[in-house]
Every structure is written in C-alpha cells, then in structure tokens.
Amino acid sequence: MYASVDDHSLLVQYIAALASGGVLLAFLYINSDTYKLRHIPTAGYSWPLLSYISAIRFSISGDKILEEYHHRYGGKPFKIPMMHTWKVIFNGALDDISKLSVSDASIDGAIESDLKLTYCLGPENVPHAIITLVNHLHRNLTSVFPIIQDEIESFILDTLSSSDNKGWKIYSARSLADQVVPRISNRLIVGKELCRDKELISACVSFAWDVKKFSLLTNILVPSFLWPLLRYIVRGPNYSVKVVASLLAPLTTLLVEESNTCRSEDQWAPPVKSTLLGEIIRRSMPDPNDIPNESYARRILNLNFAAIFTTSMTLQQLLYNLAAFPKYVPEIRSEVEEIVSQDGWNRSSLDKMIKLDSFIKETQRLMSLATITTTRKMLRDYTFSDGTFLPEGTHIMHQVSSVNMDEETYSNARTFDGFRFCNMNSDDPAAQRFDVVTLSRRFLAFGTGKHACPGRFIAAVELKLIVAQLLLKYDIRSPTGNGMEGRPRDRIIEGSGRFPNPKGEILLRFRRK
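(A) Focus on the packing of helix α16 (residues 293-324) against helix α19 (residues 354-366). Interaxial distance between α16 and α19 falls to 10 Å at its minimum, and their mutual angle equals 110°. In this view, α16 runs roughly perpendicular relative to α19, as classed from their interaxial angle. On α19, the residues that touch T314, Q317, L318, N321 and L322 of α16 are F359, I360, T363 and Q364. Residue composition of the contact of α16 with α19, by class: four nonpolar, five polar and no charged.

Set out below in structure tokens:
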C-alpha cells in the first residue's frame, strides 16, 4: 500500500518542525550561560532541566555541597546551578577578586540579581546613596557614640529591668536582637522619640525579612516575567512602606519646614543635622517638598535593611556563644570593667577591649552568616591569574569555609576559640592587626577590597557596646548545656545563607552587686 501525497506532505512538515525545533534549541543552548561556562567544572548536573535538580539540592544542603566539590576539584573554581543563573565559586582567588575594577565587575549588579531589590523596593533602592549615608555616619561615629550608648542603656532598662530578674529568666535571642538593633539604628536614622515606637520597629524588622522572602520567591518559584508585578501582589514590603510613611509624616513635615528656612549648611538646626533622615532631606535640596512621603519611607527602610539584617543575626550568634561558652564571660567582663573604670565609655576605650573584639570576630569566623560571599557580576570577558576565563555576565563568589576554616591559618579551625584573635595580635604597632573591622584575605565577614562593607565600623561599635553593657549587668547561660551542643543549630537558607536558629533561647540573671 502506497502513502498518499498528503501523507508525504505531512511527514515533510513533521520533519521540518523537528528540524526547526532542533535548530532553535541548539541556538538557545549555544547562547546560554550553560554553554558559555561549559569549561568550568560543575557541582552536580550541568545539562538543561537536570541542572534544576542540582539547584534544588544546593538550596537544601549548600554548605555540604560546597565542601564536597571544593575537595573534589582540589580548590579549583567550579560552578553551581541556581534556578535562574549559574555561579562560579572560587577558592583562593581573593587577590584577583579584590583587584577587579568597576569596569570589570559590579557588586551592585550581583546584589540586584540575588535580591531583586529594584522589583522589591522600587526606584528608591540606590545602593551608592545608601553607602554615602553610611560613610557620613562613619565620619561622625565619635560624636554619635554617646547616642548609641544611651539607646542601649535605655533598651536594657526598658526590656531587662532588674525587678523582672529574680533568678534566671529565659529570653528569645532573636526577639532581643530584633528589638535592640532596630532601636539603635533608628535612633541614628529618625531620632530618639520615633526609634522606640513598637510599630516602627515591627515594620522595619518585617521589611528586612520580607525582602529576603521576596528574593526567595524570585530566585526559586516565580518566573522572571512576573517579577515587576510581584511587589504589588506580595503584601509584605509595600505594607511596611505604608506603615512607616504614616509614622514618618509628622517628623518629615517638621524637618522639611526646617529645611525651607535654611539657606546654608551652617544654618541647619540640630533636628535636621542629627539624624540620617535630616541628612536625606538636606541632600534633597533645593526642594524636598517635591519628594513624596512614601519615597522617604522607602529610603528609611532601605537604610534599615542594610543596618539591621546582618547585625541582628550576628548579635544572635554572639548571645548563643556567650551562653554556650560561659568560661569566656568572666575575662571579658573583667576587661570591660577595668578599661571603663580608667577611660570611661568612648570609642577609644572600646578599641582597647581586645578580648571582647576577639570573641566577636571568632563568632563571625566560625558562625559566618554566608557560605559564599564577595559576590560580583562580570561586566566584560575576563581571565583570572590562574587562567580561568569568565564571559561577560558571569556571577562569581568566593567560598567562605575555604578561608575561615583553613587549618594553615587557624589551628583547630572547626573549634570555637573565643580569644583566638587577641592571641594572634602582636604588641608591635606596625604588625598586622586582627581586630574585627580589619580587612584581611584570611577573614571574610565584611568582604574584601574596595567593596568591603562600609558599615562594619558602626556595626562593631554597636555589637561591642551591647555585649559589654549586657555582661556588666547580667549573667548569661544556655538552657541546654555548654559547648557546641548547648547552642541551637544554625539553618542553611537557599544554600548560601547560614542563619542563627530563630527559636533559640538564652538565660539571663541580673547581677546583684
């Protein structure tokens, strides 16, 4: 039986469709990041569709996968699949990464890709503007030191008053951190009265976590064509903006009126000069009236996101470690008492508290808030010193454990040693320092190179003051025992984030002298 002309025509159409589909798939594959990065070894599957299985595995067990492939490839770069992109993971390339110029790679582009801040926060998400304000605060850190100290003392009085501490009392570490850090940050951002408003604190904390939830949705669940609509669908971030805009309205009106009466910086009255909101308004001249109140609210929330998220989680880790390793508490407390009795409370006296500084730095080293860091997006084709070629658009990061857990640098690297860094310091003033804010290729808590965290000086002052004030007034212990077994287990989020357990608790007891 012979095929009809129609059958032949249909067969030809099928073959043509299959050929066209094959050509299209080949074109898409050749122009994909998967093909462009085919020369980089893969952690898991590299083929289309199958790579999504590896991406899901990484989001669940990222820390273990990074360790496995770091050893498998002998410390050479490898790539890991994410739901929307690939990331090339380096080990031992910090010199190369820190030397990348702004025309070679972008940190803003990498952060935008990870967090989708433009889609989440809107046009007021301007990273360089936030950095400018943080640098302004850093330059005035000595003058704002008493303000930070006053807010911490006020928090302890309000929240941990001695009348409530007849014996040991249990507290949520996250609850304490999520109260004191936003209060300090907003004391500097909006001033004394508003920073203690519980509705403002709740909105700022919720906003920070909602941003992270938003990035989780965009990176894993929601297709890219829906990203522009997502911030109007997901209530969280926009709801916080409305709440903060309402709370800010009276203060913003007052500061704008004050700004309109001034014509030079020397004429700025203290309400404008003493807060970052006032600084934002000053920088909005000549007509801050043209800026909607919600725009001010978004800028304030952006500042809070930068100031609260990592500092609050680091404080939680510190509280867990102070409770789980109580042997360090007497020496830290004694150091604080001795220095304060001689020099009082000031930035210089904090710099002398080397045991406290070491305890904070060791916490950041062993309980790092990320498994990979120093994120960059390549702006042009680039070849690293080891010969690794990366095409434009590649996302790169550096593995944290290969630095922080390096046995050649840190003996017994996986053991918590609270005084590790003060023992490493030398009396020679010309020798390398190991204090918490010093940048080093051997410590990645604050990044490295020209893109290192500009807020690390403020964060260090806040953390030191909180811990010092707390230990002078309270004893601390873990309700579940001492050592690593006594601290709550950290949680891995999206494979790249290591967050303190939000359900962990500590015990505090007022010290009666």
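Back to the write-up after that little detour.
(B) Structural context of the nonpolar core. I148, I332, I476, I506 and L508 are the most contacted members of the largest nonpolar core, which totals 101 residues. Ranked by residue count, the leading element in this core is α16, at 16 residues. Once you skip the residues sitting within four places of it in the chain, I476 turns out to touch W168, L319, L322, A323, V329, L471, I506, L507 and L508. Grouped together as the second largest cluster of nonpolar side chains are 14 residues, A93, I97, M378 and F384 included.

(C) Focus on the pairing of strand β8 (residues 395-399). Across the five residues of β8, five count as buried, placing the element largely inside the fold. As paired elements, strand β2 (residues 86-90) and β8 share four bridges and run parallel to each other. In the strand pairing of β8, I89 is matched with M397. One ladder, built from four bridges, connects strand β5 (residues 372-378) with β8; its direction is antiparallel. Note that in β8 the partner of T373 across the bridge is H398.

(D) Broad picture of the side chain of R376. Topologically, R376 is positioned in strand β5. There is no salt bridge for the buried R376, and the closest opposite charge comes from D108, which lies 8.9 Å off by N-O distance. Ignoring anything within four residues of it in the chain, the contact list for R376 reads I97, L100, A105, S106, I107, A110, T394, H395, I396, T448 and H451.

(E) Seen up close, helix α15 (residues 276-283). Here α15 lies mainly inside the structure; six of its eight residues are buried. Every buried residue of α15 is listed here: L276, L277, G278, E279, I280 and I281.

(F) Spatial organisation of the confidence of the model for the protein. Looking at the protein, pLDDT values average 83 and 84% of them are 70 or higher. Averaged pLDDT values for the elements of the protein fall to 47 in helix α14 (residues 270-273) and rise to 96 in helix α17 (residues 329-343). Between residues 268-272, whose pLDDT stays under 50, and residues either more than four places distant or in other chains, the model counts 11 contacts.

Calculation rules
- Residues numbered from 1 in each chain as written.
- Predicted model: local features only at pLDDT ≥ 70, side-chain atom pairs only at ≥ 80, totals over all residues.
- Heavy atoms only, no water.
- Axes fitted to C-alpha atoms, helices over the stretch in contact; angles between N-to-C directions.
- Helix = DSSP H or I, 4+ residues; strand = E, 2+ residues; numbered from the N terminus.
- Parallel < 35°, antiparallel > 145°, perpendicular 65-115°, else oblique.
- Contact = heavy atoms within 4.5 Å.
- Nonpolar A, V, L, I, M, F, W, Y, C, P; charged D, E, K, R; others polar.
- Core = buried A, V, L, I, M, F, W, Y, C linked by side-chain atoms within 4.5 Å.
- Buried < 20%, exposed > 50% of the residue type's maximum accessible area, 1.4 Å probe, protein only.
- Pairing = 2+ DSSP bridges.
- Lys, Arg positive; Asp, Glu negative; His and termini not counted.
- Salt bridge = Lys/Arg side-chain N within 4 Å of Asp/Glu carboxyl O.
- pLDDT = per-residue confidence, 0-100.

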